[in-house]
Amino acid sequence: MSTLSERILGAPAGAYVDREVDIAFAHDGTGVLAREALREMGVERLPHPERLRLIFDHIVPANTGTTATLQAELRGYARSSGIGFSDAGGGICHQVMSEGVVRPGMIVVGADSHTCTLGAFGAFATGMGATDMAAVWASGATWFRVPETIAVNLAGRLSGPAEPKDLALAYVARLGMEGATYRALEFVGDGAAGLSMDGRLTLSNMAVETGAKTGMFYADPATVRYLADYGLAAASQTPEDCRYERTVEIDLGDIVPLVAVPHRVDTVREAEEVAGTHLDQVFVGTCTNGRYEDLARFARIVRGKKVAVRTVVVPASRTVLARAIATGVLADIVDAGCMVAPPGCGPCLGAHAGVLGEGEVCLSTANRNFRNRMGVGGEIYLSSVATAAASAIAGEITVPEVA
Amino acid sequence: MQGAGPAICLGSDIDTDVIIAGRYLRTKDRSVWAEHAFEDLDPALAPRLSGSIIVAGRNMGCGSSREQAVVALREAGVVGVVAESFARIFFRNAVNVGLPVIEAAVPCTEGARVAFDLDAGWVEVDGERYPARPLSEKMVAILRAGGLVPYWRSWR
């Protein structure tokens, strides 16, 4: 009996296998290096351009002449090579891939560590480096070591102000920053089935923060319905009675608003314990929490109020942005005094659009709070969208009353 | 595959943002990454990297998949990276750019004489020998070729 990774990769844990990939994507950062490596390999023609995507999301629109020139070269290559292309403004690679591209059972590789996000569809999705990506461009295939699997058994339902991000921080804290290195995570149990696709994507997204290769959900009727909205047919996956390396049990009813404090993702406190921490910036967005459900949740809390601290909101994709405009969610966010930046990774990696100054403190809905990541000397706290919204209104870390 | 050099001791959970900060990623000039390696951890570290062996604790190279991190170390002249455990993308990236990575739990004092033999599977610190975890056959072949690009060229 197989884990989902073993089933998709077709070999038992521990085996090394060469596999064709279904989808491979890179972004404006890693794509530049992959293109260089491909040139050095001497490869001219790509055997499977239809499987490949270049998605501009990291520094969009370009912030300097150097960035713009690098992006222009890569844009030209995308067009001449036949690689599928999503230009600046289309959104974050993982989000774009979640909007009717990735389906259950696929093998997906991305030149970005958060590619594990797409495990939410019951796909084997994992991150790699740029040279590995160049080899995938050149051959359509790569090698994998089939991972052992840790089950995260979710029971019950989230209640009160707790949301999927709090659950994500809870499991990262339980496993630790290297607790699942080289393992796959499988989110199972009735609590997994009760989560929306947006919520599942948030959980899968943070798998890499435990060192995991991917974080998977079994495709179920919720997955099938979500993909049907994008015109894709998909079937549910049935879990088998397989052997997990270990199982972590989490009762969703126990989850309360949580905050990861500087500078480790697995140093997690109840929001209550750090309430009152002064903030210089609030950032809502990223591949963790920039989806429509997140923006709508944020808007519900700030509607009719004013934020007391500079607040940057970045929709994860153009699709998310368009929906937020159509439903009035965006107007609520702008009326509350927030800045809205173009779809992309925004200030998450400290490259542009919301970089922190020395000693500044940011509450962010992203997935990493490494030292100096958003700017030298800046401090990053990670929270849910509801906590970010309540804190933006108060100007200090505040426990939300509702999700 | 062998190497030797003085130890530079780092702790556990060294993330790739610390190895090379996001603000230096937008260039194709590899010397920029070498020059600014570990800048936010210790600005005095980069000039000492040439000829050294980095000895880290657990979860070396966690975080972002940025390959600039391993290229920075290679370009700076790091001979190899020894760590008790590695984050998987960093590990694979290192092999792909021809930077030897050795999984072994060893003690570290700054400047200690470190040597490794990947084929024989050991690391020595000041003459004391410790076992290293073997690499897969394919990873050894890629490292021996000098990285994935030369490996690829030799196979096509």
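Worth saying up front: this structure is predicted, and the values here are computed from it rather than measured.

Focus on the overall build of chain A
Turning to step 1, where the next piece is worked out: Secondary structure assignment for chain A yields 15 helices and 18 strands.
Turning to step 2, where the next piece is worked out: Evaluated residue by residue, chain A yields a buried proportion of 65% over its 403 residues.
Turning to step 3, where the next piece is worked out: Within chain A, contacts between residues separated by at least 24 positions form 77% of all contacts whose residues are at least 6 apart in sequence.
Turning to step 4, where the next piece is worked out: Put simply, chain A shows about 13,000 Å² of open surface, and 50% of that area lies on carbon and sulfur atoms.
Turning to step 5, where the next piece is worked out: Of the side chains in chain A, 34 bear a positive and 45 a negative charge, and the two mean positions are spaced by 3 Å.

What about the nonpolar core?
Turning to step 1, where the next piece is worked out: Judged by nonpolar contacts, the single largest core of 101 residues is most densely connected at A:M133, A:W137, B:F38, B:M60 and B:V123.
Turning to step 2, where the next piece is worked out: Looking at which element gives the most residues to this core, the answer is helix α5 (residues 130–139) of chain A, with 7 residues.
Turning to step 3, where the next piece is worked out: Judged by nonpolar contacts, the second largest core, of 65 residues, contains A:C93, A:L118, A:A123 and B:C62.

Things to note about the state of the cysteines
Turning to step 1, where the next piece is worked out: The full count for this structure, using the stated rule, is 1 disulfide over all chains.
Turning to step 2, where the next piece is worked out: With a sulfur-sulfur separation of 2.1 Å, B:C9 is cross-linked through a disulfide to B:C108. Here the S-S torsion is close to -85°, and the disulfide linking B:C9 with B:C108 is therefore left-handed. You can see B:C9 sitting in strand β1 (residues 2–9) and its partner B:C108 sitting in the loop between β4 (101–103) and β5 (113–117), a full 99 residues away along the chain.
Turning to step 3, where the next piece is worked out: Residue classification places B:C9 among the partly exposed residues on the basis of a relative accessible area of 24%.
Turning to step 4, where the next piece is worked out: The exposure class assigned to B:C108 is partly exposed, which follows from its relative accessible area of 29%.
Turning to step 5, where the next piece is worked out: Of all cysteine sulfurs in the structure, the one in A:C345 sits closest to A:C93, which takes part in no disulfide; the separation is 6.3 Å.
Turning to step 6, where the next piece is worked out: Not engaged in a disulfide, the cysteine A:C287 finds its nearest cysteine sulfur in A:C348; these two sulfurs lie 6.6 Å apart.
Turning to step 7, where the next piece is worked out: You can call A:C287 buried: its relative accessible area is 9%.

Points about the environment of A:A308
All names here are of chain A.
Turning to step 1, where the next piece is worked out: With respect to the helices, strands and loops of the structure, A308 is situated in the loop between α12 (292–302) and β15 (310–313).
Turning to step 2, where the next piece is worked out: We classify A308 as exposed; its relative accessible area is 54%.
Turning to step 3, where the next piece is worked out: Here the alpha-carbon distance between A308 and P347, two residues 39 residues apart in the chain, equals 20 Å.
Turning to step 4, where the next piece is worked out: Non-local contacts of A308, meaning those with residues more than four positions away in its chain, are made with A392, I393, A394 and G395.

A closer look at the sheet that holds strand β5 (residues 107–110) of chain A
Residues and elements named next belong to chain A.
Turning to step 1, where the next piece is worked out: Pairing is parallel across the open sheet formed by 5 strands, whose spatial order is β4-β3-β2-β5-β6. Looking at strand neighbours, the two that pair on one side only are β4 (84–86) and β6 (124–127), the edges of this open sheet. When the angles between neighbouring strand axes are averaged without regard to direction, this sheet yields 15°.
Turning to step 2, where the next piece is worked out: The pairing of strand β2 (residues 23–27) with β5 spans 3 bridges and is parallel. Looking at β5, one finds that I23 is bridged to V108.
Turning to step 3, where the next piece is worked out: Each of β2 and β3 (52–55) is contacted by helix α2 (residues 28–41), which is oriented at about 105° to β2, the strand it contacts most.
Turning to step 4, where the next piece is worked out: In this fold α5 packs onto β2, β3 and β5, with an angle of close to 135° to the strand it touches most, β2.

A look at empty space enclosed by the protein
Turning to step 1, where the next piece is worked out: Scanning the entire structure with this criterion turns up 8 cavities of 30 Å³ or more.
Turning to step 2, where the next piece is worked out: Estimated volume of the largest cavity: approximately 280 Å³.
Turning to step 3, where the next piece is worked out: Here the lining of the largest cavity is built from residues that sort into 7 nonpolar, 12 polar and 6 charged.
Turning to step 4, where the next piece is worked out: When residues are assigned to domains, the lining of the largest cavity turns out to be shared by domain 1 (4–145) and domain 3 (259–394) of chain A, each giving three or more.
Turning to step 5, where the next piece is worked out: Space inside the second largest cavity adds up to approximately 120 Å³.
Turning to step 6, where the next piece is worked out: Every residue lining the second largest cavity is counted, 19 residues in all, and those nearest its centre are B:G61, B:G63, B:A87, B:R88 and B:I89.
Turning to step 7, where the next piece is worked out: Residue assignment for the lining of the second largest cavity shows that the elements contributing at least two residues are α3 (68–75) and α4 (88–96) of chain B.
Turning to step 8, where the next piece is worked out: Looking at which element gives the most residues to the lining of the second largest cavity, the answer is α4(B), with 4 residues.
Turning to step 9, where the next piece is worked out: Considered class by class, the residues forming the lining of the second largest cavity number 9 nonpolar, 8 polar and 2 charged.

Observations concerning the pattern of salt bridges
Turning to step 1, where the next piece is worked out: In the structure shown here, the tally under the stated rule is 31 salt bridges over all chains.
Turning to step 2, where the next piece is worked out: Between A:R264 and B:D13 there is a salt bridge, with its nearest N and O atoms 2.7 Å apart. Of the two residues, A:R264 is situated in the loop between β12 (258–260) and β13 (268–270) and B:D13 in the loop between β1 and α1 (16–19); the pairing between them involves two chains.
Turning to step 3, where the next piece is worked out: Using a relative accessible area of 31% as the deciding quantity, one classes A:R264 as partly exposed.
Turning to step 4, where the next piece is worked out: Assessed through its relative accessible area of 16%, B:D13 is described here as buried.
Turning to step 5, where the next piece is worked out: Among the salt bridges present, the one from A:D332 reaches A:R303, with a minimum N-O distance of 2.7 Å. Within this pair, whereas A:D332 is found in helix α14 (residues 329–335), its partner A:R303 is found in the loop between α12 and β15, the two being separated by 29 residues in sequence.
Turning to step 6, where the next piece is worked out: Look at A:D332 and you get buried, because its relative accessible area is 17%.
Turning to step 7, where the next piece is worked out: Through salt bridges with shared partners, one network takes in A:E36, A:R39, A:E73 and B:K28.

As for the sheet that holds β4(B)
Residue and element names in this part refer to chain B.
Turning to step 1, where the next piece is worked out: Reading across the sheet, the 7 strands line up as β4-β3-β2-β1-β5-β6-β7 and stay open at both edges, with mixed pairing between neighbours. The sheet is open, and its two borders are formed by β4 and β7 (128–131), each paired with just one other strand. If you compare each strand with its neighbour and ignore which way they point, the axes differ by 30° on average.
Turning to step 2, where the next piece is worked out: Relative to strand β3 (residues 80–83), strand β2 (residues 53–56) runs parallel, the two being bridged by 4 bridges. When the sheet's bridge partners are listed, V55 is paired in β3 with V82.

Looking at the domain arrangement of chain A
All names here are of chain A.
Turning to step 1, where the next piece is worked out: Partitioning chain A into domains gives domain 1 (4–145), domain 2 (149–254) and domain 3 (259–394).
Turning to step 2, where the next piece is worked out: Relative placement of domain 1 and domain 2: their C-alpha centres are 23 Å apart.
Turning to step 3, where the next piece is worked out: If you look at the interface, domain 1 gives 25 residues, while domain 2 gives 31 residues.
Turning to step 4, where the next piece is worked out: Together domain 1 and domain 2 conceal approximately 2,300 Å² of surface at their shared face, both sides included; 59% is due to carbon and sulfur atoms.

Examining the layout of surface pockets
Turning to step 1, where the next piece is worked out: The volume enclosed by the largest pocket comes to roughly 490 Å³.
Turning to step 2, where the next piece is worked out: Lining the largest pocket are 21 residues, and of these A:T181, A:Y182, A:R183, B:E103 and B:R133 lie nearest its centre.
Turning to step 3, where the next piece is worked out: At the level of elements, β7 (141–145) of chain A together with α4 of chain B are the ones that each hand at least two residues to the lining of the largest pocket.
Turning to step 4, where the next piece is worked out: Here the residues of the lining of the largest pocket sort into 8 nonpolar, 4 polar and 9 charged.
Turning to step 5, where the next piece is worked out: Each of domain 1 (4–145) and domain 2 (149–254) of chain A accounts for three or more of the residues forming the lining of the largest pocket.
Turning to step 6, where the next piece is worked out: In this structure, the second largest pocket occupies an estimated 380 Å³ of space.
Turning to step 7, where the next piece is worked out: Lining the second largest pocket are 16 residues, with A:D198, A:Y226, A:D229, A:Y230 and A:R323 positioned closest to its centre.
Turning to step 8, where the next piece is worked out: For the lining of the second largest pocket, the secondary-structure elements that each account for two or more residues are α8 (197–205), α9 (221–229), α12 and α13 (318–326) of chain A.
Turning to step 9, where the next piece is worked out: Top contributing element to the lining of the second largest pocket by residue count: α9(A), with 4 residues.
Turning to step 10, where the next piece is worked out: Taken together, the residues that form the lining of the second largest pocket break down as 6 nonpolar, 3 polar and 7 charged.
Turning to step 11, where the next piece is worked out: Shared between two domains, the lining of the second largest pocket takes at least three residues from each, and those domains are domain 2 (149–254) and domain 3 (259–394) of chain A.

Cut-off values and rules
- Residues numbered from 1 in each chain as written.
- Chains lettered and ligands numbered in written order.
- Predicted model: local features only at pLDDT ≥ 70, side-chain atom pairs only at ≥ 80, totals over all residues.
- Heavy atoms only, no water.
- Helix = DSSP H or I, 4+ residues; strand = E, 2+ residues; numbered from the N terminus.
- Buried < 20%, exposed > 50% of the residue type's maximum accessible area, 1.4 Å probe, protein only.
- Contact = heavy atoms within 4.5 Å.
- Areas by Shrake-Rupley, 256 points an atom, 1.4 Å probe, with all protein chains shown as cover.
- Lys, Arg positive; Asp, Glu negative; His and termini not counted.
- Charge placed at Lys NZ, Arg CZ, Asp CG, Glu CD.
- Core = buried A, V, L, I, M, F, W, Y, C linked by side-chain atoms within 4.5 Å.
- Disulfide = S-S within 2.5 Å.
- Pairing = 2+ DSSP bridges.
- Axes fitted to C-alpha atoms, helices over the stretch in contact; angles between N-to-C directions.
- 1 Å grid on protein atoms, 1.4 Å probe; cavity = no way out; pocket = protein on both sides within 12 Å on 5 of 7 lines; lining within 4 Å.
- Points joined across faces, edges and corners; volume = space filled by probe spheres on them.
- Nonpolar A, V, L, I, M, F, W, Y, C, P; charged D, E, K, R; others polar.
- Domains from an automatic or database assignment.
- Salt bridge = Lys/Arg side-chain N within 4 Å of Asp/Glu carboxyl O.
- Buried area = accessible area lost by both parts, 1.4 Å probe.

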